[in-house]
Amino acid sequence: MTSLKQLGRCVLAVICGVTLGCGGGNSRPATVAVSGSVMYDGKPVEGAEVVFWGKNAPKDASGVTDKDGKFTLSMFEPNDGCLPGENVVVITKKDSSAAAPVITPDQMLNDPTAMAKAAAQQSKNKSSGPKSLIPEKYSSKSSSPLKADVSATNNSFPFTLTD
C-alpha cells in the first residue's frame, strides 16, 4: 500500500512539474508595432513584400503593401511588429504574369506534349521566373541599401525607391 501511495505522489509531482514547467507564459521577445509605406516612380507600390531582417532577431518580420503602398509588420502574430534595433529592409514585387504557364490535368490528358511546350515557351521568354517590378537592388539582404532602426518612438518608415 505504501508503494502505491509513493507511486501516486510521483505521478502527481510529474504532472505538476510538466504543467508548471511547460505552460509558463510568453517566452517571445517584446516587439514594437511597425508600419510604413513604399513608393516607386512617385506612386504607391501595391502588393510588395516588405521584410525587416533584425541583426539579432530570431526570425524576420514581414508585411505586404496595400493599394496605398502602406504596410504593417508581423513577426510572431499578425501586426505585432518587429524587435527594436537595426534592420536591413528588403522589398520585392514580382510580375506574376511572367510566371510559367499553368498546365491543367485536362490539357496533359488531351495533349501529352503540353508540359514540354510550356517549358519551351518559358525558355523562349528567357525568364527563369517572374520579373521584378521594382529595382533588383532592394530584393536581397546583401544588396538592399534600406535600413531601419526600430524603437518605440521610431516605428514608422516611409520608403521611396529609386532606380
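These figures come from a predicted structure and were not determined experimentally.

> So what's going on with the overall build of the protein chain? Residues and values would help.
Within the protein chain, the secondary structure is distributed over three helices and 10 strands. In sequence order, the protein chain lays out its α and β elements as α-β-β-β-β-β-β-β-α-α-β-β-β. When the 163 residues of the protein chain are sorted by exposure, 25% land in the buried category. Of the contacts formed within the protein chain by residues at least 6 apart in sequence, a portion of 65% connects residues at least 24 apart. When the accessible surface of the protein chain is summed, it comes to about 10,800 Å², and 57% of that surface belongs to carbon and sulfur atoms.

> Mind laying out the pairing of strand S4 (residues 61-64), listing which residues take part and the relevant values?
Residues Ala61 and Gly63 of S4 are buried on one face, while the alternating residues Ser62 and Val64, pointing to the opposite face, are not. Inspection of the sheet shows strand S3 (residues 49-54) paired to S4 by four bridges, in the antiparallel sense. Looking across to S4, one finds that Val50 is bridged to Gly63. The antiparallel pairing of S3 with S4 creates a hairpin that spans six residues between the two strands.

> Quick rundown of the side chain of Asn87? Include the residues and the values.
With respect to the element layout, Asn87 can be found in strand S6 (residues 85-92). Classification of Asn87 as buried rests on a relative accessible area of 5%. Separated by 2.9 Å, the side chain of Asn87 and the backbone oxygen of Gly85 make a polar contact. Those residues in contact with Asn87 that sit more than four places away from it in its chain are Phe52, Trp53, Gly54, Cys82, Leu146, Lys147, Ala148 and Val150.

> So what's going on with the environment of Ser132? Which residues, and what values?
Residue placement: Ser132 occurs in strand S8 (residues 131-132). The spatial distance from the C-alpha of Ser132 to the C-alpha of Ser96 is 9.3 Å, given a sequence separation of 36 residues. The residues touching Ser132, leaving out its near neighbours within four places in the chain, are Lys93 and Lys94. At 2.6 Å, the side chain of Ser132 forms a polar contact with the backbone oxygen of Ile134.

> Which residues make up the nonpolar core, and what are the values?
Judged by nonpolar contacts, the single largest core of 24 residues is most densely connected at Phe52, Val89, Ile91, Phe159 and Leu161. Elements that contribute at least two residues to this core include exactly strand S1 (35-40), S3, S6, strand S9 (147-150) and strand S10 (156-161). Considering every element that reaches this core, the biggest residue donor is S10, with three residues. Leave out the neighbours within four places in its chain, and Ile91 touches Val38, Ala48, Glu49, Val50, Ile134, Tyr138, Ser139, Leu146, Phe159 and Leu161.

> Quick one: what's the story with the packing of aromatic side chains, residue by residue and with numbers?
Aromatic ring pairs are described here by two measures, namely the spacing of the ring centres and the angle between the planes. Applying the stated criterion across every chain, the model contains five aromatic pairs. On the numbers, 6.4 Å between centres and 55° between planes, the contact of Phe52 with Phe71 is tilted. Of this pair, Phe52 sits in strand S3 while Phe71 is found in strand S5 (residues 70-72), placing the two residues 19 residues apart along the sequence. Both residues of the pair, Phe52 and Phe71, count as buried. Where Phe52 meets Phe157, the ring centres are 5.7 Å apart and the plane angle is 65°; that geometry is what we call edge-to-face.

Cut-offs used in this document
All residue numbers refer to positions counted from 1 along the written sequence of the respective chain. Totals for whole chains, interfaces and linings use every residue, but because this is a predicted model, local features are given only for residues with pLDDT of at least 70 and side-chain atom pairs only at 80 or more, for both listing and counting. Side-chain figures throughout are based on the complete set of non-hydrogen atoms in the structure, without hydrogens or water. Note on conventions: DSSP H or I runs of at least 4 residues are helices, E runs of at least 2 residues are strands, and numbering of each starts at the N terminus. Classification of residues uses two cut-offs on accessible area relative to the type maximum, computed with a 1.4 Å probe and protein chains only: under 20% is buried, over 50% is exposed, and between them is partly exposed. Residue contacts are defined here by distance: any two heavy atoms, one from each residue, within 4.5 Å place the two residues in contact. A 1.4 Å probe and the Shrake-Rupley method give the accessible areas. Residues count as covered only by the protein chains that appear here. Think of it this way: DSSP has to see at least two bridges between two strands before they count as a pair. Any N or O atom pair separated by 3.5 Å or less is treated as a polar contact, with the protein-specific requirement of one donor-capable and one acceptor-capable atom, and with residues adjacent in sequence counted only for side-chain atom pairs. As used in this record, nonpolar core signifies buried Ala, Val, Leu, Ile, Met, Phe, Trp, Tyr and Cys residues forming a set joined through side-chain atoms within 4.5 Å. Working definition: a ring pair exists when centres of Phe, Tyr or Trp rings (six-membered ring for Trp) sit within 6.5 Å. Plane angles under 30 degrees give stacked, over 60 give edge-to-face, the rest tilted.

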